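Geometric and topological summary
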Amino acid sequence: MKQTSAVILAGGEGKRMKSNRPKALSQVMFRPMIQWVLDAVRSAGIKDICVVTGSKREYLEAYLKTLPYEVETVFQPERLGTGHAVMMAIPFLEKHRGGDVLILNGDAPFIGTETIRNAFVVHNQTGEIDPEVFDWEAPRESATNRGCTVITAEVDDPHGYGRIVYETDAENYFHLSTLKAIVEEKEATDTIRKIKEVNSGAYWFETDVLIDVLGKLQKSEKTGEYYLTDTIKLIKESGNAVITYKAKNADSVLGANDCIQLAQLNEIARMRIIHKHMKNGVNIICTDGVMIGKEVNIGANTTILPAAVIRGKTNIGSGCEIGPAVLIENCEIKDKTSIANTVLKNQVL
């Protein structure tokens, strides 16, 4: 298996968040968005990670130092586009020549481990294939010249996203016909704006190919920025193919530019976590005010009542009744325990 690494772009200022911290540190269900991304990347088996920081980098660097594993960082002193951000990571990329690198955004918390792994399989045409995901009857490019695989998603409202345009009209999860272009909203014709398959901002690149084309990127005449999407044309001109993997989950592309969008992400994450616990036998009759952190474990046959906030590294046994109106953080709750109308932190009951 080829060596893998990842570069996470986390230089966003979060101006519209009105925050004094980088956007990637904005929280979704009590965890910074970048932590969701790091969890997905590491769960996919990628251990060598570089985070590109920007405005207020000291906050992000301080947070990354608290993690139980090492994450390399580089600084983007000027906001000159996604291509420029990746250029800052060239010294990191040089150390990982001969492999594949995943480039993704630190403020898109729902990029999942399954999506990362399956896109890697597509990129290399190796590994165990899920027949429900891939259509192997489609004509496919040679696996030896895939310079880039773009992770895409199909969304109901594609406004604001880069649209995916193919050389052919093939429609399947495994787009093996070559990608023609990613067309940004402001550059799109009315016909292209109707396309619902969009760029997630996540890519698998052959590391050597990426290093080569980064050196050829040109500033946009309109904005003065370097766009990572411009590497697609350069990769194709170099004789390498660019294909796509369409994620099964449309939420993979979602990010947040303001507190309204952040609240929407929190609601999606909240219900995902609640549904996971319900499937495991946790009884949540009414979800009003119920917030459960990603790290929380709850035993079967436990009932969670409204206005229960449970977070941190909390473990709750089976047969318990939790709520209403509780805050539980970093606690161990034994089987058949009832808790209501209280705040508990760092306790064992």
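A few points on the structure.

The rules we used
- Residues numbered from 1 in each chain as written.
- Predicted model: local features only at pLDDT ≥ 70, side-chain atom pairs only at ≥ 80, totals over all residues.
- Heavy atoms only, no water.
- Helix = DSSP H or I, 4+ residues; strand = E, 2+ residues; numbered from the N terminus.
- Expected span 1.5 Å × (residues − 1).
- Buried < 20%, exposed > 50% of the residue type's maximum accessible area, 1.4 Å probe, protein only.
- Contact = heavy atoms within 4.5 Å.
- Pairing = 2+ DSSP bridges.
- Axes fitted to C-alpha atoms, helices over the stretch in contact; angles between N-to-C directions.
- Parallel < 35°, antiparallel > 145°, perpendicular 65-115°, else oblique.
- Left-handed = near helix turned anticlockwise from the far one by under 90°.
- Nonpolar A, V, L, I, M, F, W, Y, C, P; charged D, E, K, R; others polar.
- Core = buried A, V, L, I, M, F, W, Y, C linked by side-chain atoms within 4.5 Å.
- Phe/Tyr/Trp six-rings, centres within 6.5 Å; stacked < 30°, edge-to-face > 60°.
- Lys NZ or Arg CZ within 6 Å of the ring centre and 35° of its normal.

With that settled, consider helix α5 (residues 113-124). Relative to the 16 Å expected for 12 residues at 1.5 Å per residue, α5 spans 17 Å between its end C-alpha atoms, a close match to the ideal helical length. Most of α5 sits out of view: 10 of its 12 residues are buried. Every buried residue of α5 is accounted for by Thr 113, Thr 115, Ile 116, Asn 118, Ala 119, Phe 120, Val 121, Val 122, His 123 and Asn 124. The elements touched by buried residues of α5 are β1 (4-10), α1 (33-43), β6 (100-105), β7 (146-154), β10 (197-206) and β11 (241-246). At the C-terminal side of α5, Gln 125 shows a positive phi close to 50°.

On to the sheet that holds strand β12 (residues 291-292). Pairing in this open sheet of 4 strands is parallel, and the strands run β12-β15-β18-β21 from one edge to the other. Two strands lie at the open edges of the sheet, namely β12 and β21 (342-345), each paired on one side alone. Where strand β15 (residues 308-311) and strand β18 (residues 326-329) come together, 4 bridges link them in parallel fashion. Paired with Ile 310 across the strands is Ile 328, a residue of β18.

Moving on, we get to the environment of Leu 349. Within the secondary structure, Leu 349 sits in the segment after β21. Note on Leu 349: relative accessible area 35%, which makes it partly exposed. The spatial distance from the C-alpha of Leu 349 to the C-alpha of Lys 334 is 6.0 Å, given a sequence separation of 15 residues.

Glancing now at the pairing of β7. Buried residues dominate β7, accounting for 8 of its 9 residues. Of the pairings in the sheet, the one linking β7 to β11 comprises 6 bridges and is parallel in character. For Thr 152, the partnering residue across the bridge sits in β11 and is Lys 246. Pairing geometry for β7 and β10, over 7 bridges, is antiparallel. Of the residues in β10, the one forming a bridge with Thr 149 is Trp 204.

A pair of packed helices is captured by two measures, namely the crossing angle of their axes and the spacing between those axes. α5 packs onto α1 with a crossing angle of 45° between their chain directions and a minimal axis gap of 8 Å. Classified by the angle their axes make, α1 and α5 are oblique. Along this stretch, α1 crosses α5, giving a crossing that reads as right-handed. Between α1 and α5, the contacting residues are Asp 39, Ala 40, Val 41 and Ser 43 on the first element and Thr 113, Ile 116 and Arg 117 on the second. Considering only residue class, the contact of α1 with α5 consists of 3 nonpolar, 2 polar and 2 charged.

Time to look at the nonpolar core. Grouped together as the largest cluster of nonpolar side chains are 34 residues, with contacts concentrated most on Val 7, Leu 93, Ile 103, Phe 205 and Leu 210. In this view, Leu 93 contacts Val 7, Val 86, Val 101, Thr 207, Leu 210, Ile 211 and Leu 214; residues no more than four positions away in its chain are not counted. Membership of the second largest hydrophobic core comes to 32 residues, among which are Ala 6, Ile 34, Ala 40 and Val 122.

Our focus in this paragraph is the packing of aromatic side chains. Counted under the stated rule, the structure contains 3 aromatic pairs. Here the aromatic rings of Trp 36 and Phe 110 are separated by 5.9 Å at their centres, their planes lie at 80°, and the arrangement is edge-to-face. On the criterion of sequence distance, the pair formed by Trp 36 in helix α1 and Phe 110 in the loop between β6 and α5 is long-range, its members being 74 residues apart. Summarising the burial analysis for this pair, Trp 36 and Phe 110 share the class buried. Above the plane of the ring of Tyr 69 lies Arg 42, whose end atom (NZ or CZ) is 3.7 Å from the centre. Here Arg 57 stacks its cationic end above the ring of Phe 75, 4.0 Å away from the centre of that ring.

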